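Each chain, letter by letter, is given below.
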Amino acid sequence: MSHNQLDTKSQAWSALFSEPMSELVQRYTASVFFDQRLWRADIAGSLAHADMLAAQGIISAEDLAAIQRGMAQIRSEIESGAFQWKLDLEDVHLNIEARLTQLVGDAGKRLHTGRSRNDQVATDVRLWLRDEIDALAALLSELQRALVEVAERNVDVILPGFTHLQVAQPVSFAHHLLAYVEMFARDAERLADVRRRTNRLPLGSAALAGTTYPLDRERVARTLGMVDEHGVPQLCQNSLDAVSDRDFAIEFTAAASLCMVHVSRLSEELILWMSQNFGFVKIADRFTTGSSIMPQKKNPDVPELARGKTGRVVGHLMGLITLMKGQPLAYNKDNQEDKEPLFDTVDTLKDTLRIFTEMIGGQLNPATGQKEGGLTVNAQAMEDAARKGYATATDLADYLVKKGLPFRDAHETVAHAVKAAQSHACDLSELPLAVLQGFHPAIEADVYDVLSLHGSLHARRTLGGTAPQQVRAQIERHRARLA
Ligand code: ARG
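Since we're looking at a predicted model, the values are computed, not measured.

Some words on the overall build of the protein
- Counting its secondary structure elements, the protein contains 20 helices and six strands.
- Against the globule reference of 23 Å for 483 residues, the protein gives a C-alpha radius of gyration of 30 Å, more extended than a compact globule.
- When each of the 483 residues of the protein is scored for burial, the buried share is 49%.
- Across the protein, contacts joining residues at least 24 apart in sequence account for 72% of those joining residues at least 6 apart.
- Carbon together with sulfur atoms contributes 52% to the accessible area of the protein, which is approximately 23200 Å² in total.
- Treating the 52 positive side-chain charges of the protein as one cloud and the 62 negative ones as another, the clouds have centres 1 Å apart.

As structure tokens, this is what we get:
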């Protein structure tokens, strides 16, 4: 919402104040431009609080009914866009409460009994974030499924595995993709862990010290679903801590940053693989853009932007953690600054995960029931690249070890063989047997099995290795886990 859609009439805060805020101060201190997106959580929190106040006999059943009726109307006003957000009412909480009082009179004024905006906002942000974490968990599963699907079609496709971006050993393309599945699986675990600490109830802490009313905090927690896996209510146990710390938001942003870092690594690889010098993969045209001057260009804008947006999310982590530093107990207005970085982190991560899922896995065509437009793999280009750079040199060393040489001697022997192959501008597997035997007499004709890319790949059968049988087992495990 833009500022000029807001009603900016100014009033003094209360009878205690001799003048209204200046317009500049009002704009500086208000948060309603951005925190209005918490409205669903705010109404849910208020209804849970009101329900408990009535159950405890603190407000009447009639007041509760009036509050429920008023909130139902406010909900539909906000949904339809008819709700008048007012700048002089500062934030989402005061806007909704004022409208409630306008609609239902004194019952609306009783809602805030035993509550402060301090425990209210902490509750709202937690509720909102909890639901966003659930949405993110689903998106992370979809991205993993998309990667597993592409992996499944590419178990026997060989590309050069790199260390130091130098050709190292041949690996299965599926194995390479499954490395990212592992990363995203850990990201999901981290989010689930953050969710446990986010889903705890501050309400009942009031401004900072608790309240004199006989509140039933457990009832509120149950109503809001702030319970553990056994249904036990999860309450913040110290009122000062409950209203002031935002560590749950910080650790969420840290988990989101790591997830973006993983996306960024994948982006970097896609960008490299798409360059003409690699030519390993293509992404669908709708994820690329042309150049205004160079007609031949198709630029990988989506992965590049994802790599760029990683900086933005890591920046939000820095912003939030710095915001917390130096705040004395309990609530300080500094904490109002937690929202924009948090919201933008969620928006950026959600969009990024969605777009990557589609870019890699493709989009379902309802007419054919098939996914279309996902990652296109050029198996030949990958294999050709794996043939450059002596990717099977380690296999020759291992072969000599099996013939009885100590590994260090085998390593040295193979270095000589690679040097010879380089001077002939050929691969190790292209050296005649007699030449190879010149490096060591134990070398026999079966050496060519280990010098082939295929042989090298199939020989790495350790758990977690790149041999196709191992990779297939991993795909099965992920399929079962993600089902
Ligand atoms: N808009 C405020 C925030 O986001 C709500 C809490 C205000 N509390 C206060 N004591 N001024 O943090």
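There's more to say after this.
A closer look at the site of the ligand
- Every residue near the ligand is listed here: Ser-31, Asp-91, His-93, Arg-117, Asn-118, Val-121, Tyr-331, Gln-336 and Lys-339.
- Separating a nitrogen atom of the ligand from a side-chain N or O atom of Arg-117 is a distance of 3.5 Å.
- Bound to the protein, the ligand loses 85% of the 340 Å² it would expose on its own.
- Element by element, the count of residues in the shell around the ligand is highest for helix H7 (residues 117–152), at three residues.

Re the pairing of strand E2 (residues 166–172)
- In the sheet, strand E1 (residues 158–163) pairs with E2 via six bridges, with the strands oriented antiparallel. Paired with Ile-158 across the two strands is Ser-172, which belongs to E2.
- Taking the residues that link successive antiparallel strands as the turn, the E1-E2 hairpin has two residues, and the phi of His-164 there is positive, at about 60°.

Focus: a nonpolar patch on the surface
- Taken together, Trp-13, Leu-16 and Phe-17 make up a surface patch of nonpolar side chains, about 390 Å² in accessible area.
- Assignment of secondary structure puts Leu-16 in the segment before helix H1 (23–29).

Describing the environment of Leu-317
- Within the secondary structure layout, Leu-317 lies in helix H12 (residues 301–324).
- Overall, Leu-317 belongs to the buried group, its relative accessible area being 14%.
- C-alpha of Leu-317 to C-alpha of Leu-165: the two residues are 152 residues apart in sequence and 30 Å apart in space.
- If we ignore the near neighbours within four places in the chain, the residues touching Leu-317 are Ile-250, Thr-253, Ala-254 and Ser-257.

Quick word on the packing of helix H11 (residues 247–274) against helix H13 (residues 339–361)
- Interaxial distance between H11 and H13 falls to 10 Å at its minimum, and their mutual angle equals 30°. The way H11 lies across H13 gives a crossing that is left-handed. Contact residues: Ala-249, Phe-252, Thr-253, Ala-256, Cys-259, Met-260, Val-263, Leu-266, Ser-267 and Leu-270 in H11; Leu-342, Thr-345, Val-346, Thr-348, Leu-349, Thr-352, Leu-353, Phe-356, Met-359 and Ile-360 in H13.
- Residues of the contact of H11 with H13, tallied by class, amount to 15 nonpolar, five polar and no charged.

As for the pattern of salt bridges
- Inspection of the entire model under this criterion finds 32 salt bridges.
- Of the charged contacts in the structure, one is a salt bridge between Arg-40 and Glu-79, with a shortest N-O distance of 3.3 Å. Taken together, the positions of Arg-40 in helix H3 (residues 39–55) and Glu-79 in helix H4 (residues 61–80) put the pair 39 residues apart, joining distant regions of the chain.
- In this structure, the salt-bridge partner of Lys-109 is Asp-106, at a minimum N-O distance of 3.6 Å. Of the two residues, Lys-109 and Asp-106 both sit in helix H6 (residues 106–110), three residues apart, roughly one turn of that helix.
- On the basis of relative accessibility, which here comes to 45%, the residue Asp-106 falls in the partly exposed class.
- Several salt bridges converge on common partners, so that one network encompasses Glu-90, Asp-91, Arg-117 and Lys-333.

So, the packing of aromatic side chains
- Applying the stated rule across the entire model yields five aromatic pairs.
- Relative to Phe-343, the ring of Trp-128 has its centre 4.8 Å away and its plane inclined at 65°; by these criteria the two rings are edge-to-face. In this pair, Trp-128 sits in helix H7 while Phe-343 sits in helix H13, placing the two residues 215 residues apart along the sequence.
- For Trp-128, a relative accessible area of 8% translates into the label buried.
- Of the residues examined, Phe-343 reaches a relative accessible area of 5% and is grouped as buried.
- Ring centres of Phe-173 and Trp-273 lie 5.5 Å apart, and the angle between their planes is 70°; this geometry places the pair in the edge-to-face category. Taken together, the positions of Phe-173 in helix H8 (residues 173–198) and Trp-273 in helix H11 put the pair 100 residues apart, joining distant regions of the chain.
- Classification of Trp-273 by relative accessible area gives buried; the value is 2%.
- Ring-pair connections join several aromatic residues into one group, and the members of that group are Phe-162, Phe-278 and Phe-280.

About the thresholds
- Residues numbered from 1 in each chain as written.
- Predicted model: local features only at pLDDT ≥ 70, side-chain atom pairs only at ≥ 80, totals over all residues.
- Heavy atoms only, no water.
- Helix = DSSP H or I, 4+ residues; strand = E, 2+ residues; numbered from the N terminus.
- Rg over C-alpha atoms; globule rule 2.2 N^0.38 Å.
- Buried < 20%, exposed > 50% of the residue type's maximum accessible area, 1.4 Å probe, protein only.
- Contact = heavy atoms within 4.5 Å.
- Areas by Shrake-Rupley, 256 points an atom, 1.4 Å probe, with all protein chains shown as cover.
- Lys, Arg positive; Asp, Glu negative; His and termini not counted.
- Charge placed at Lys NZ, Arg CZ, Asp CG, Glu CD.
- Near = heavy atom within 4 Å.
- Polar contact = N/O pair within 3.5 Å; in protein donor to acceptor, adjacent residues only side chain to side chain.
- Pairing = 2+ DSSP bridges.
- Patch = residues over 30% accessible without salt bridge, like charges linked within 9 Å, V, L, I, M, F, W, Y side chains within 5 Å.
- Salt bridge = Lys/Arg side-chain N within 4 Å of Asp/Glu carboxyl O.
- Axes fitted to C-alpha atoms, helices over the stretch in contact; angles between N-to-C directions.
- Left-handed = near helix turned anticlockwise from the far one by under 90°.
- Nonpolar A, V, L, I, M, F, W, Y, C, P; charged D, E, K, R; others polar.
- Phe/Tyr/Trp six-rings, centres within 6.5 Å; stacked < 30°, edge-to-face > 60°.

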